[in-house]
Amino acid sequence: MSLNFNQTYKCASCGEDIYSNCLLRVVCVECVPNIDLCLECFSSKVEIGQHKCYHNYRLLDNGDFSPLGNDWSAKELVQLLDGLEQFGHGNWNDVSRYVETKGPTECRDAVNNLFVTGPIGSLTYKESERGNAKDHTSLPATSTTSSTGQTSSLSLHELIVLGFMPARDDFEVEFDNESEVLVSGIQAASGGNRVESDDEELETGLKLAQVDMYKNKLKERERRKQVAKDFGLVETFFKENPLNPSTGKIAAPKPKKKDPKSEVFERLKVVSGFQGVDDYRKLVASVAKEKDVKSRIKELLRYRKNGISALSEAESYESQRQTK
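Computed from a predicted structure; not experimentally measured.

Chemist: For this particular structure, what's the right way to read unusual backbone geometry?
Modeler: Trans is the prevailing form of peptide bonds, just as negative phi is the prevailing case for residues other than glycine. Cis geometry marks the peptide bond from valine 32 to proline 33; its omega dihedral reads -5 degrees. Tracing the chain through its elements places proline 33 in the loop between β1 (24–28) and β2 (36–37). Phi is positive for aspartate 176, which is not a glycine, with a value near 50 degrees. Here aspartate 176 shows up in the loop between β5 (170–171) and α8 (181–184). Judged by its relative accessible area of 32%, aspartate 176 is partly exposed.

Here it is as structure tokens:
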């Protein structure tokens, strides 16, 4: 059965719409690309181009038969399940509009009698497992657990200042906080086997593009949360900007002495987005060691320039230099 009910198939021989005259179409599986034939042309052993009458074939229907022996066709059952998945159990008016050929009561009775309490439901639905369905669309559970563990060491005041809600693993103001505007105004298209016009097809493509943009923004949010956890950015922020417990506000940071290494580390922050945590730490440690070695070499050259050849003389030289 073909699930694309909106598509029309024309016979490669007579050019007629195949499903307007019969329930089956013949597809040659040896020709590339495959060609479609109506039953009348197939029975007449039509040969067109590279197609020969002895080629292997398969029969496909358009869903206009009843697989369960009732007044619901296969096409209507597929649309019923699609509408149920899209609008949810209980929104029978929306499901009915999606099916187009059945009313809300008929949709409700079909779902309950066939898929909940009927023969299909008795083999696939278990009341004891309600609410235990696994969401395959979300990120792995390790990401959520680790992100929550990141803020477990923070105090209540720090969580409030941060705007983080541990139970939901969300921030009050997320990255690109207006992203939901991309999908909040999208309206679902109606179902049925109506052929879309060019304008409707373009509109559908634009809606899908908006959904993809929204999904990319959600992935970027999760990536930023993971980076903050891996590098301990939240803890580092509150160490550098301590919270005043009496006022509940961030205290003014104490002035720090300028560290000659800080400029190098600031430049290396850009690289952290392209490396793992361990690789970044090794890079920072290597650069710090290199800078210390260069500084020590420079200091030893200065001693040699002043005629110092032993470390004991260097200690005396430094003490005299500081007293002057």
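Chemist: I keep staring at a nonpolar patch on the surface and nothing clicks. Help me out?
Modeler: On the surface, a cluster of nonpolar side chains totalling about 430 Å² of accessible area is made up of Leu23, Leu24, Leu39, Tyr57 and Leu59. Of note, tyrosine 57 is situated in strand β3 (residues 57–61). Residue classification places tyrosine 57 among the partly exposed positions, given a relative accessible area of 45%.

Chemist: What is the right way to read the sheet that holds β1 from this model?
Modeler: Two orientations exist for strands paired in a sheet by backbone hydrogen bonds: parallel and antiparallel. If you trace the three strands from one edge of the open sheet to the other, you get β2-β1-β3, paired in antiparallel fashion. At either end of the open sheet lies a strand with only one pairing partner, and these are β2 and β3.

Chemist: Just to check I follow, could you spell out the confidence of the model for the protein chain for this structure?
Modeler: Detailed conclusions should not be drawn from predicted coordinates in areas where pLDDT is low. Overall, the prediction assigns the protein chain a mean pLDDT of 78, with 82% of residues at 70 or greater. No element of the protein chain has a lower mean pLDDT than helix α6 (residues 141–150), which averages 47, and none a higher one than helix α3 (residues 92–99), which averages 89. Scored below 50 in pLDDT, residues 141–147 makes eight contacts in the model with residues more than four places away or belonging to other chains.

What counts as what
Residues numbered from 1 in each chain as written. Predicted model: local features only at pLDDT ≥ 70, side-chain atom pairs only at ≥ 80, totals over all residues. Heavy atoms only, no water. Helix = DSSP H or I, 4+ residues; strand = E, 2+ residues; numbered from the N terminus. Buried < 20%, exposed > 50% of the residue type's maximum accessible area, 1.4 Å probe, protein only. Patch = residues over 30% accessible without salt bridge, like charges linked within 9 Å, V, L, I, M, F, W, Y side chains within 5 Å. Areas by Shrake-Rupley, 256 points an atom, 1.4 Å probe, with all protein chains shown as cover. Salt bridge = Lys/Arg side-chain N within 4 Å of Asp/Glu carboxyl O. Pairing = 2+ DSSP bridges. pLDDT = per-residue confidence, 0-100. Contact = heavy atoms within 4.5 Å.

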